[in-house]
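# Geometric and topological summary
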Amino acid sequence: MTNSQPFSSPRLAGLTIVIAVAVGMIYLYGQIDYTVEPYAQSDLYHYRMMAAAAPRLAPAVQQPYAFRLLGPYLAGLLAGPEVWGFRVLTVLAATALGILYYLFLDRRGVGPPVAVITTVLLLSNKHLFGYNVWNYFQINDLLSLVYLVILWWALLETRWIVFAVTLVVGALTRETALLMIPVALVYLCERQRLAHEWRRFVLAILPGLACFVLLHLIIHPVGGQDMFSHLLRTAPKVTEPATWFRLLVNAFIPVSLLPLIFWRHTLAFLRQNVAMLVFLLLVLASSFFGTDNERLMAPAAVIFYLLIATIIERYLYPNRLAIAVLLVGGFLASWQHFMGRYPLPNRELTLVLSLGALLVVSGVSAVVGYRGWRQR
């Protein structure tokens, strides 16, 4: 279901709230001290080299960073030090993500109040949103989230030109956007539109694939590991229970368990949207190519929070207690001990706030949802 009505006062009010929350959360997440270890020699070291070399290509960057070109390149083209460029781009991309996601939910038929609540929950997620604001050198991750929202929007409305252009800039930014190629194919098969749309589909994906191939032909990284080597190194984590907790629960705290609590709704949602299920599975599989478990699940946010929005709208809204618990729980779970403008004093308090928010949000949602179901 989509919403094609023009903006009304509730929608404009919702958009204003989202922008205000985005600005507030960007402030609270603070900025990384990139001059100290272990940060100074981490990923941002390579991205800073790439930005400093713009508009030329940096000659000595390791893979896979060397192929994630667009974000650092844009940061380097802005006037002033490259650090300033990364920060400006991050603020713009983070705000744009909040705006686009609110509009995306509205377009999918989610009412303005629930679209605001869900977008605020996304902006409060320290792993999927906050980390990339704090470590603003990870501009590629934020840009990729923006592109994924646009790619899903374009796919669901069959806007192949928008899909093609976004896939190109996505391929220049990070490999994540290419996940949408098999997802788009599944979507067309699911909707029985492949026979009619296959030519447009092929024409839409070819430029993005060509950019991806050309990047790997033109750029010659110095050292580092290719994706297959990364997978061999990190794949053993599949046997660790902590990995699955971090991927499936910790990444989406405090709303991680809502799809399980309302499992019938979740199954119906996924049956009706097989391509979205495939996308979630592909993101989960791609998380085994790296070590930052929660952050690697960030692409799943586009679909996961759409599912959360449908759960909130059907079972929890407009119950004031449930909505208050959701928002307060999301805010409390956004605090972290190693990042933020006002970091928590220790890891133990981070765990208490995060797990406490998870338990309270899950418990209240289950009770409110069950009572609502009984009254139907």
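The preceding data block contains the structure.
An account of the accompanying structure is given in this report.

### Section: the nonpolar core
- Trp 152, Phe 163 and Tyr 305 are the most contacted members of the largest nonpolar core, which totals 118 residues.
- Look past the residues within four positions of Trp 152 in its chain and what remains in contact with it is Phe 104, Met 180, Val 183, Ala 275, Met 276, Phe 279, Val 302 and Ile 303.
- Counting residues in each nonpolar core, the second largest holds 5 residues, with Val 249, Ile 253, Ala 357 and Leu 358 among its members.

### Let's talk about the packing of aromatic side chains
- Per the counting criterion, the structure on display carries 18 aromatic pairs.
- Taking 4.6 Å as the distance between ring centres and 25° as the angle between the ring planes, the aromatic pair formed by Tyr 136 and Phe 137 counts as stacked. By the burial criterion, Tyr 136 is buried, and Phe 137 matches it.
- Judged by centre distance (6.1 Å) and plane angle (70°), the rings of Trp 160 and Phe 201 are edge-to-face. Within this pair, whereas Trp 160 is found in helix H8 (residues 160–173), its partner Phe 201 is found in helix H10 (residues 194–218), the two being separated by 41 residues in sequence. Phe 201 carries the same exposure label as Trp 160, and that label is buried.
- The lysine or arginine in question, Arg 341, covers the ring of Tyr 27, its NZ or CZ lying 4.1 Å from the ring centre.

### Looking at the pattern of salt bridges
- If you walk through the whole model with that rule in mind, you get 11 salt bridges.
- Two residues, Glu 157 and Arg 107, come together in a salt bridge whose shortest N-O distance is 2.6 Å. With a gap of 50 residues between them, Glu 157 in the loop between helix H7 (139–156) and H8 and Arg 107 in helix H4 (residues 82–107) connect regions that are remote in the sequence.
- Using a relative accessible area of 18% as the deciding quantity, one classes Glu 157 as buried.
- In this structure Arg 107 comes out as partly exposed when scored by relative accessible area, which is 21%.
- Residue Asp 292 pairs with Arg 295 through a salt bridge whose shortest N-O separation is 2.9 Å.
- One network of salt bridges, with partners in common, ties together Asp 141, Arg 174, Asp 292 and Arg 295.

### A look at the packing of helix H14 (residues 263–272) against helix H15 (residues 274–286)
- Relative orientation of the contacting elements H14 and H15 amounts to 100°, with a least axis distance of 5 Å. Put simply, H14 runs roughly perpendicular to H15. Residues Phe 269, Leu 270, Arg 271 and Gln 272 of H14 form the contact with H15, whose participating residues are Val 274, Met 276, Leu 277 and Leu 280.
- Here the residues of the contact of H14 with H15 are counted per class, giving 6 nonpolar, 1 polar and 1 charged.

### A word on the layout of surface pockets
- Taken as a whole, the largest pocket holds about 750 Å³ of empty space.
- Taken together, 33 residues line the largest pocket, and the ones lying closest to its centre are Arg 68, Arg 174, Phe 289, Gly 290 and Leu 296.
- Looking at the lining of the largest pocket, the elements with two or more residues in it are helix H2 (43–53), helix H6 (126–134), H7, helix H11 (227–234), H15 and helix H16 (293–296).
- Residue classes in the lining of the largest pocket are distributed as 15 nonpolar, 10 polar and 8 charged.

The rules behind these values
- Positions within a chain are numbered from 1, following the residues in the order the chain's sequence is written.
- Reporting in this predicted model follows two pLDDT cut-offs: at least 70 for local features of residues, and 80 or more for side-chain atom pairs to be given and counted; totals over whole chains, interfaces and linings ignore these cut-offs and use all residues.
- Each side-chain value is worked out from all heavy atoms of the structure, with water and hydrogens disregarded.
- Nonpolar core, defined: a set of buried Ala, Val, Leu, Ile, Met, Phe, Trp, Tyr and Cys residues in which side-chain atoms within 4.5 Å join the residues together.
- Exposure classes here rest on a 1.4 Å probe applied to the protein chains alone. A residue is buried below 20% of its type maximum, exposed above 50%, and partly exposed in between.
- Any pair of residues with heavy atoms lying within 4.5 Å of one another is described as a contacting pair.
- Side-chain rings of Phe, Tyr and Trp (the six-membered ring for Trp) are treated as a pair once their centres are within 6.5 Å; stacked means planes under 30 degrees apart, edge-to-face means over 60, and tilted covers the remaining angles.
- Note on conventions: DSSP H or I runs of at least 4 residues are helices, E runs of at least 2 residues are strands, and numbering of each starts at the N terminus.
- Whether a charge sits over a ring depends on NZ of Lys or CZ of Arg being within 6 Å of the ring centre and within 35 degrees of the ring normal.
- A pair is scored as a salt bridge if a Lys or Arg side-chain nitrogen falls within 4 Å of a carboxyl oxygen belonging to Asp or Glu.
- An axis is simply a line fitted to the C-alpha atoms; with a helix, the fit covers only the stretch in contact. Between two such axes, the angle follows the N-to-C directions and lies from 0 to 180 degrees.
- An angle counts as roughly parallel when it lies under 35 degrees, as roughly antiparallel when it exceeds 145, as roughly perpendicular when it falls between 65 and 115, and as oblique in every other case.
- Each residue gets one label: Ala, Val, Leu, Ile, Met, Phe, Trp, Tyr, Cys and Pro are nonpolar, Asp, Glu, Lys and Arg are charged, and the others, such as Gly, are polar.
- Grid points spaced at 1 Å and placed over the protein atoms alone form the basis of the search, with a cavity being a set where a 1.4 Å probe fits but cannot get out and a pocket an open set showing protein on both sides within 12 Å along at least five of seven lines. Lining residues have an atom within 4 Å of a point.
- Grid points are joined across faces, edges and corners, and a volume is the space filled by probe spheres set on the points.

Treat this as a map of the structure, not an account of what it does.
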